[in-house]
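# Report on the structure
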Amino acid sequence: MTKTELHYPNLQHCSIIPAISSGTSLAPPSVAIDPKCLEAITETIPAIYDFKIEKTVVELHATYETADESPLIREPPQRWKDVRSSLSIPQRDMLQRMKSITNATDDMCADILTTNNFDLGSSINAYYRGSN
């Protein structure tokens, strides 16, 4: 278990006290706690992500007079439209699937997919082999 696996911000002020109930005939059985669990109890909780970068980007976007001037645009760049405009809908879907798997550019994915007759498996293998 690594320190980065633990992230429970709602539990940072809680404490666990293993004990046996006394004065009752329905006492719980003795409990054995894994040593890793005991170590985890003393771990510090990492700081909560502050979204500073995202806030800065949104504030910057608000300074532009029109959405067209802002670097935050909803429409993809024109060169993407050019690559995608020549593809059918199933081919565009295949292009998007390959992009999501490989993180390659539209142009590279389109070239490899075209060379491999839009066979996704062959195209991904070709990408990772470094060949078209």
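Residues numbered from 1 in each chain as written. Predicted model: local features only at pLDDT ≥ 70, side-chain atom pairs only at ≥ 80, totals over all residues. Heavy atoms only, no water.

### Comments concerning the packing of aromatic side chains
Counted only if it meets this: Aromatic contacts are taken between Phe, Tyr and Trp rings whose centres are within 6.5 Å, Trp giving its six-membered ring; a plane angle under 30 degrees counts as stacked, one over 60 as edge-to-face, and the others as tilted. Remark: exposure states derive from per-residue accessible area (1.4 Å probe, protein chains only) relative to the maximum for the residue type, with buried under 20%, exposed over 50%, and partly exposed in between.
Within the structure shown, the criterion is met by two aromatic pairs. Here Y49 and F51 contribute two aromatic rings whose centre-to-centre distance is 4.7 Å and whose plane-to-plane angle is 80°, an arrangement assigned as edge-to-face. The class of Y49 is partly exposed, set by a relative accessible area of 47%. Judged by centre distance (5.0 Å) and plane angle (80°), the rings of Y127 and Y128 are edge-to-face. For Y127, a relative accessible area of 23% gives the class partly exposed. Of the residues examined, Y128 reaches a relative accessible area of 54% and is grouped as exposed.

### Remarks on the side chain of D106
Threshold: Elements are defined by DSSP. Helices are runs of H or I of four residues or more, strands are runs of E of two residues or more, and each kind is numbered from the N terminus.
Turning to its location among the elements, D106 is positioned in helix 5 (residues 106–115). The buried category is assigned to D106, whose relative accessible area is 1%.

### Some details on a nonpolar patch on the surface
For the record, the criterion: Patch membership is restricted to residues that have no salt bridge and whose relative accessible area is over 30%. Joining uses 9 Å for like charges and 5 Å for the nonpolar side chains Val, Leu, Ile, Met, Phe, Trp and Tyr. The protein chains shown are the only cover counted for residues, whose accessible areas, like all others here, come from Shrake-Rupley with a 1.4 Å probe. A pairing counts as a salt bridge when a side-chain nitrogen of Lys or Arg comes within 4 Å of a carboxyl oxygen of Asp or Glu.
A cluster of nonpolar side chains, namely Y49, F51, I53 and V57, defines an oily patch on the protein surface of about 410 Å² accessible area. Note on placement: Y49 falls in the loop between helix 1 (35–41) and helix 2 (52–62).

### Structural notes on helix 4 (residues 89–102)
The test is simple: A helix is expected to reach a length of 1.5 Å times the quantity of its residues less one.
Its 14 residues give helix 4 an end-to-end C-alpha distance of 20 Å, which sits within 8% of 20 Å, the value for a rise of 1.5 Å per residue. Immediately beyond the C-terminal end of helix 4, within one or two residues, lies N103, with a positive phi of roughly 60°.

### Concerning the nonpolar core
Here is the rule we go by: Note on terminology: a nonpolar core comprises buried Ala, Val, Leu, Ile, Met, Phe, Trp, Tyr and Cys residues joined through side-chain atoms within 4.5 Å. In what follows, residue pairs with any heavy atoms lying within 4.5 Å of each other are defined as contacts.
Among the nonpolar cores identified, the biggest contains 13 residues, and M94, L95, M98, C109, L113, F118 and L120 are the most heavily contacted of them. Looking at this core element by element, the count peaks at four residues for helix 5. When near neighbours in sequence (up to four residues on either side) are disregarded, M94 contacts L113, F118 and L120.

### With respect to unusual backbone geometry
One non-glycine residue, N103, adopts positive backbone phi at about 60°. Residue position: N103 is located in the loop between helix 4 and helix 5. Positive phi, close to 55°, is recorded for F118, a residue that is not glycine. Inspection of the secondary structure assignment puts F118 in the loop between helix 5 and helix 6 (120–129). Exposure remark for F118: the relative accessible area of 17% places this residue in the buried category.

### A closer look at helix 6
Quick note on the threshold: Arc definition: it is the arc formed by the directions from the helix axis to the C-beta atoms. A 3.5 Å cut-off defines polar contacts: any pair of N or O atoms within that distance qualifies, except that in protein one atom must be a possible hydrogen donor and the other a possible acceptor, and neighbouring residues in sequence count only when both atoms are side-chain atoms.
Looking at helix 6, one finds that the buried residues are L120, S123, I124 and A126. Mapping the buried residues of helix 6 onto a view down its axis gives an arc of 160°, with all of them on the same face. Projecting away from the buried face of helix 6 at angles above 90 degrees are the exposed residues Y128 and R129. Here the buried face of helix 6 lies against helix 4 and helix 5. Sitting at the head of helix 6, D119 places a side-chain oxygen 3.2 Å from the backbone nitrogen of G121.

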